[in-house]
Amino acid sequence: MLALASADFAPACRRATSIAGMTTRTERQLLHEVEINAPVERVWELISDVRNAPQWSSQARKVFAFGPATKAGTFSVNLNHRGVIAWPTWAKVTDFQPGKRFANEVGMAGATWVFELEPGSGENTTILRQYRETYYPRGFIAGRVVTPAMGGEDPYNEFMDARVGESLEKIKNIVEAG
């Protein structure tokens, strides 16, 4: 598994946007990737349904998605848990390119979780990449409640960085067990 610190690639991935007249800054963070011994289609089948996230996520315990199948625009309510802290989030699938890219925006957290897939180095292998796009300033819940309760931005990011790698290993194990 490859883990890249955000400093390795963030400068090229930062952008500024204006939302409701307020300038925000976006950064890619927590980039990890893994090569999976399975075709892209099998990996996509697992990761592209938001209801499957509790199988590999370090925090999501239950996902309630609206609609029969995940697609661009799918909205979900998620129950999250870490230690003694539990909190709800809501999310929207903002990018759904079958076999290529899946993005799920958790607006109240100020983050979009992204999966990217591509054929791997061997026959019927897949490179799965996951990262978080975080925009600042963060929302009230993330910026003033959840993140401080977890020790602050830096400790939370360190915790999540380790968990992204663990999540990809779980996905790899689920798909390869088939």
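Residues numbered from 1 in each chain as written. Predicted model: local features only at pLDDT ≥ 70, side-chain atom pairs only at ≥ 80, totals over all residues. Heavy atoms only, no water.

Participant: Explain the overall build of the chain to me, please; I cannot follow it from the model alone.
Facilitator: Summing up its helical and strand segments, the chain has four helices and nine strands in all. Reading the secondary structure of the chain in the N-to-C direction produces β-α-β-β-α-β-β-β-β-β-β-α-α. Sequence-distant contacts, at least 24 apart, represent 50% of the contacts inside the chain between residues at least 6 apart. Of the roughly 9,100 Å² of accessible surface on the chain, 55% is carried by carbon and sulfur atoms. (Helix = DSSP H or I, 4+ residues; strand = E, 2+ residues; numbered from the N terminus. Contact = heavy atoms within 4.5 Å. Areas by Shrake-Rupley, 256 points an atom, 1.4 Å probe, with all protein chains shown as cover.)

Participant: Teacher, can you tell me more about the pattern of salt bridges here?
Facilitator: A side chain with one charge can pair with a side chain of the opposite charge if their charged atoms come near. Taken as a whole, this structure holds eight salt bridges when the rule is applied. Of the charged contacts, one joins E33 and R129 as a salt bridge, the two residues approaching to 2.9 Å between their closest N and O atoms. A residue pair is termed long-range when its members are at least 10 positions apart, and E33 in strand β3 (residues 22–36) and R129 in strand β9 (residues 126–136) qualify at 96 residues. E33 sits in the buried class, given a relative accessible area of 19%. Measuring nitrogen to oxygen at the nearest pair gives 2.5 Å for the salt bridge that ties R101 to D95. Judged by its relative accessible area of 18%, R101 is buried. Given a relative accessible area of 16%, D95 falls into the buried group. One network of salt bridges, with partners in common, ties together E33, D95, R101, E116, E118, R129 and E133. (Salt bridge = Lys/Arg side-chain N within 4 Å of Asp/Glu carboxyl O. Buried < 20%, exposed > 50% of the residue type's maximum accessible area, 1.4 Å probe, protein only.)

Participant: Please explain the environment of P98 as it appears in this structure.
Facilitator: Take P98: it is sitting in the loop between β6 (85–97) and β7 (101–106). Look at P98 and you get exposed, because its relative accessible area is 57%. Separated by 27 residues in sequence, P98 and K71 have C-alpha atoms that sit 9.4 Å apart.

Participant: What am I meant to see in the nonpolar core here?
Facilitator: A general trend in soluble globular proteins is that nonpolar side chains are found buried together. One finds I36, V43, I47, F115, L128 and I171 to be the most contacted residues of the largest nonpolar core, which totals 21 residues. When contributions to this core are tallied by element, the ones reaching two or more residues are β3, α2 (40–47), β4 (60–65), β8 (111–119) and α4 (153–177). Sorting elements by how many residues they give to this core places α2 first, with five residues. Setting aside chain neighbours within four positions, we find V43 in contact with I36, A38, L117, T126, L128 and V175. (Core = buried A, V, L, I, M, F, W, Y, C linked by side-chain atoms within 4.5 Å.)

Participant: Even after reading the chapter, I still don't get the environment of F96, so can you show me in this structure?
Facilitator: Within the secondary structure, F96 is located in strand β6. On the basis of relative accessibility, which here comes to 23%, the residue F96 falls in the partly exposed class.

Participant: For this particular structure, what's the right way to read the side chain of S76?
Facilitator: As for its placement among the helices and strands, S76 is situated in strand β5 (residues 75–82). Of the polar contacts made by the side chain of S76, one reaches the side chain of N78; its length is 3.2 Å. Those residues within four positions of S76 in sequence are excluded, and the remaining contacts are V50, V63, F64, A65, F66, T89, W90 and A91. (Polar contact = N/O pair within 3.5 Å; in protein donor to acceptor, adjacent residues only side chain to side chain.)

Participant: Which parts of the structure should I look at to understand unusual backbone geometry?
Facilitator: As a rule of thumb, non-glycine residues mostly have phi less than zero, and peptide bonds are mostly trans rather than cis. Of note, the phi angle at N124 is positive, near 60°, even though the residue is not glycine. Inspection of the secondary structure puts N124 in the loop between β8 and β9.

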